[in-house]
Amino acid sequence: MVAAPWPGKDARECATLTDLLRNGRDADVPPEIEIYLEGGNLGCPCDAAAANLEQRAFVVMCALDDAAMDIHPAMPTRLGGASVSVNAMLAQMKQARTARGEYGEHQGRRTLPKGRLAARRETPEAVAASGANLETQFDYLTVLEPLPERFVVEIEVVPPRRSPLPNPPSRIGLAPIAEDADDLAFTAAVRRQRPFLDAQPRDPQQLRLRTTAAVEALLDRGADLIVLPELAIPKDAPSALALALRARPPQDGLIVCGSALTEDVSENGLHFNEAVVLDARGRVLLRQRKVHPFNMGVQRMRDCGVPFAAGYENSPHMEDIEPHSVVRICDLHGAGRLMVSICEDLEQETPGGVVARAVRPDWMITPVLDVGQTLGRWTHQRAIEIARRTGSQVVVSCSATLTVRDKGWASLDKAPAGGLGLGLLYEGERRRVRIVDASEDTSSPRALVVDWDPDSWNEDEVGARMPRRR
């Protein structure tokens, strides 16, 4: 137990330690710092006692955090090619991060630039935090702790020349793709005495063409971040879309192609549920496969007219995919740090929630196969739980099929104004939320463009109006 706050950045010796780290002549830790860590004399007044080596280590961590400002991607001196001159140690850290996504690793703990990367938070976290939590004491560095054994985190740093956007996204594009009751085909099966549920486009060619048409329309209307829903596109839609994008005049843009079942299968013969992220020129930036299959409840299946496996009419049905074990983080120059959590992966704390809290993504993107988005539902509540702490910006994209089925409509066109939320936008730092309703656009295919303008959105209103039930 710590009875009093440890000296950190307020310690009198912290500035001296920072200067040593910034001005060292080689890539090794300056010998003066090693002496200080062993309880020796630093040559200046010190607030961390010589006998308290843990406190001294903490002060050195704070000094390294200050020095790391010079290589943090969000700092203005790092933009437009005007990077500051750094010493050999910081240059080596920067080079390591470019190659491996991390500054360094020790006993499985990985040190990264602390998110957000595209823009710093308006109020330093140590000032805004409600308590002296260790994770809030550092502005420019964060540590990603080892995950349970079956999970892996991979971090890719996209070089500036391949960045899809020069600045953070400002216009969000959404399209349901699966618009009508019969656009998706649901099939139940039983294996090892357990019911499973598969969802795929009923007419792959139709939805493939609709996907390309919707994305091109959104790009033409100025969307620079496009997010499509889960399992609303056929397996070959991402490659078909990439081909169409390469035929267009070059432009900036970031496209999360919802998710689709993969062409390849696992050793168990099951497909993965995969989200492909493209730039507007058709280049693949990221592939994220779903980690946690969703278990659809009995009442939701009945409400939406989803078929049950014979003999399992009173049992929830598990999504019929192969679970994956890798969480991928994509650091994009200009746009920021991107993390994709497909539907249930947003709800589960491990690994997605744990990783998000550590790496602080600028953008958390969640394609879902769900009924319409409303204030207070699970996606809104989960966005609050994560993004209020991380300052992340959350985009949830939903298709229309399940809501159309639930409401008994024949198609999306029958939805009344305010009756079908196709998206949820959440700004973590300002704690603002916006539901994007299908009625905001009447084009065919349905394609909605929304300005990222949190000041005009609602403040959080999480109450009893809608249960968390999936």
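Note: the structure precedes this text.
Residues numbered from 1 in each chain as written. Predicted model: local features only at pLDDT ≥ 70, side-chain atom pairs only at ≥ 80, totals over all residues. Heavy atoms only, no water.

A. Structural context of helix α7 (residues 237-246). Taken residue by residue, α7 has A237, P238, L241, A242, A244 and L245 as its buried positions. Within α7, the buried residues cover an arc of 165 degrees as seen down the axis, which keeps them to one side. Turned more than 90 degrees off the buried face of α7, the exposed positions are L243 and R246. Where α7 is buried, its residues contact α6 (204-220), β9 (254-256) and β11 (271-279). (Buried < 20%, exposed > 50% of the residue type's maximum accessible area, 1.4 Å probe, protein only. Helix = DSSP H or I, 4+ residues; strand = E, 2+ residues; numbered from the N terminus. Arc of directions from axis to C-beta. Contact = heavy atoms within 4.5 Å.)

B. Structural detail: the pattern of salt bridges. Within the structure shown, the criterion is met by 33 salt bridges. Residue R328 pairs with E154 through a salt bridge whose shortest N-O separation is 3.1 Å. Remark: E154 occurs in strand β4 (residues 152-158) and R328 occurs in strand β15 (residues 326-332); sequence separation between them is 174 residues. Classification of R328 by relative accessible area gives partly exposed; the value is 23%. Between D236 and R208 there is a salt bridge whose closest N-O contact spans 3.0 Å. Taken together, the positions of D236 in the loop between β8 (225-227) and α7 and R208 in helix α6 put the pair 28 residues apart, joining distant regions of the chain. Residue D236 is classed as partly exposed on the basis of its relative accessible area of 25%. (Salt bridge = Lys/Arg side-chain N within 4 Å of Asp/Glu carboxyl O.)

C. Just the environment of R337, in detail. Mapped onto the elements of the fold, R337 is located in strand β16 (residues 336-340). A relative accessible area of 1% places R337 in the buried class. For R337 and L117, which are 220 residues apart along the polypeptide, the C-alpha to C-alpha distance reads 6.0 Å. A polar side-chain atom of R337 sits 2.8 Å from a polar atom in the side chain of D331. Within the local environment of R337, its side chain forms a polar contact with the backbone oxygen of V359, the two atoms lying 2.6 Å apart. (Polar contact = N/O pair within 3.5 Å; in protein donor to acceptor, adjacent residues only side chain to side chain.)

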